[in-house]
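# Coordinate inspection notes
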Amino acid sequence: MRLVVLGPPGAGKGTQAVRIAEQFACADVATGDIFRANVAEGTELGRAAQEYMDRGDLVPDEVVIAMVMERLAERDCQAGFLLDGFPRTVAQAEALDRRLAELGTPLEAALSFDVTEEELLRRLAGRAAAQHRADDVEQTIRHRLEVFAIKTRPLIDYYAHRGLLISVDAIGPIEVVTKRILTALEGNRRSG
Ligand code: AMP
């Protein structure tokens, strides 16, 4: 399975990505997690990313693209991958398409999580309290939602035009949403 997962912050991408990757035995590549690990370890990449992350801005495309291309070359991605949090801009999506075309392994689907803004704000406030994520304070949350709307939402059309978009209603209990996703992906595989 080669899949990208799209959705605003708080849509449940991370939670579902782990479950989908397990189901299809493919690598779960979460760019936010990679950045957070690098920040915690104090690496050069972490230092390059931190100020953007703390503000709720996107890390520059060239930094993210280089990191993801390296990660996709690792062995575990050969069996397939699920990208959680990448691409977030059209430039990132184009870079991914180019690389996958070179490898002859195009994407199979782009999974888009549909959630209302009201539900997102409720979930993100809960996550801020539970996990102490620096980027989950209210002002930053609003900024991240704006960044999503401006930079990332256009990817929904980008993938729709390519016939790859699968939209899933992401409101409901975790297991119910997982089931919806797996049903949609299985249907897509049968028809594709
Ligand atoms: P996430 O955990 O996916 O919400 O990502 C946390 C933060 O990491 C984002 O708010 C960005 O600052 C940064 N980040 C993660 N993925 C990307 C990406 N594909 N492009 C730019 N910045 C990213």
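For the structure itself, look to the data block above.
Okay, so let's go over this structure.

What counts as what
Residues numbered from 1 in each chain as written. Predicted model: local features only at pLDDT ≥ 70, side-chain atom pairs only at ≥ 80, totals over all residues. Heavy atoms only, no water. Near = heavy atom within 4 Å. Polar contact = N/O pair within 3.5 Å; in protein donor to acceptor, adjacent residues only side chain to side chain. Areas by Shrake-Rupley, 256 points an atom, 1.4 Å probe, with all protein chains shown as cover. Helix = DSSP H or I, 4+ residues; strand = E, 2+ residues; numbered from the N terminus. Nonpolar A, V, L, I, M, F, W, Y, C, P; charged D, E, K, R; others polar. Expected span 1.5 Å × (residues − 1). Buried < 20%, exposed > 50% of the residue type's maximum accessible area, 1.4 Å probe, protein only. Contact = heavy atoms within 4.5 Å. Phe/Tyr/Trp six-rings, centres within 6.5 Å; stacked < 30°, edge-to-face > 60°. Lys NZ or Arg CZ within 6 Å of the ring centre and 35° of its normal. Axes fitted to C-alpha atoms, helices over the stretch in contact; angles between N-to-C directions. Parallel < 35°, antiparallel > 145°, perpendicular 65-115°, else oblique.

## Side note on the site of the ligand
Within the structure, the ligand sits among 15 residues, and Thr-31, Arg-36, Asp-57, Gly-85 and Gln-92 are positioned closest to it. In the model, a nitrogen atom of the ligand is placed 2.9 Å from a nitrogen or oxygen of the Gln-92 side chain. In the model, an oxygen atom of the ligand is placed 3.4 Å from a nitrogen or oxygen of the Arg-144 side chain. Relative to its unbound accessible area of 480 Å², the ligand is 95% covered by the protein chains. Per-element accounting of the shell around the ligand gives the leading share, four residues, to helix α2 (residues 31-41). In terms of residue class, the shell around the ligand is built from six nonpolar, four polar and five charged.

## Overview of helix α4 (residues 61-72)
Each turn of an α-helix holds 3.6 residues, which means side chains three or four residues apart point in the same direction. For α4, with 12 residues, the first-to-last C-alpha span of 16 Å sits near the 16 Å given by 1.5 Å per residue. Looking at α4, one finds that the buried residues are Val-64, Ile-65, Met-67, Val-68, Met-69, Arg-71 and Leu-72. Looking at the buried side of α4, the elements it contacts are β2 (27-30), α2, α3 (44-55), β3 (81-84) and α5 (90-103).

## Some points on the packing of aromatic side chains
Taken as a whole and assessed by the stated rule, the structure comprises one aromatic pair. For the pair Tyr-158 and Tyr-159, a centre-to-centre distance of 5.0 Å together with 80° between the ring planes defines the contact as edge-to-face. Like Tyr-158, the residue Tyr-159 is buried in the burial classification. The lysine or arginine in question, Arg-162, covers the ring of Tyr-158, its NZ or CZ lying 3.6 Å from the ring centre.

## A closer look at the packing of α2 against α4
Orientation of α2 relative to α4, taken along the N-to-C sense of each, is 100°, at an axis distance of 11 Å. Here α4 runs roughly perpendicular to α2, going by the angle between their axes. Judged by residue contacts, Thr-31, Ile-34 and Phe-35 of α2 engage Val-63, Val-64, Met-67, Val-68 and Arg-71 from α4. Across the contact of α2 with α4, the residue classes tally to six nonpolar, one polar and one charged.

## Concerning the side chain of Asn-38
With respect to the element layout, Asn-38 can be found in helix α2. Among the polar contacts made by the side chain of Asn-38, one reaches the side chain of Thr-43 at a distance of 2.7 Å. Contact partners of Asn-38, with chain neighbours within four places excluded, come to Thr-43, Leu-45 and Gly-46.

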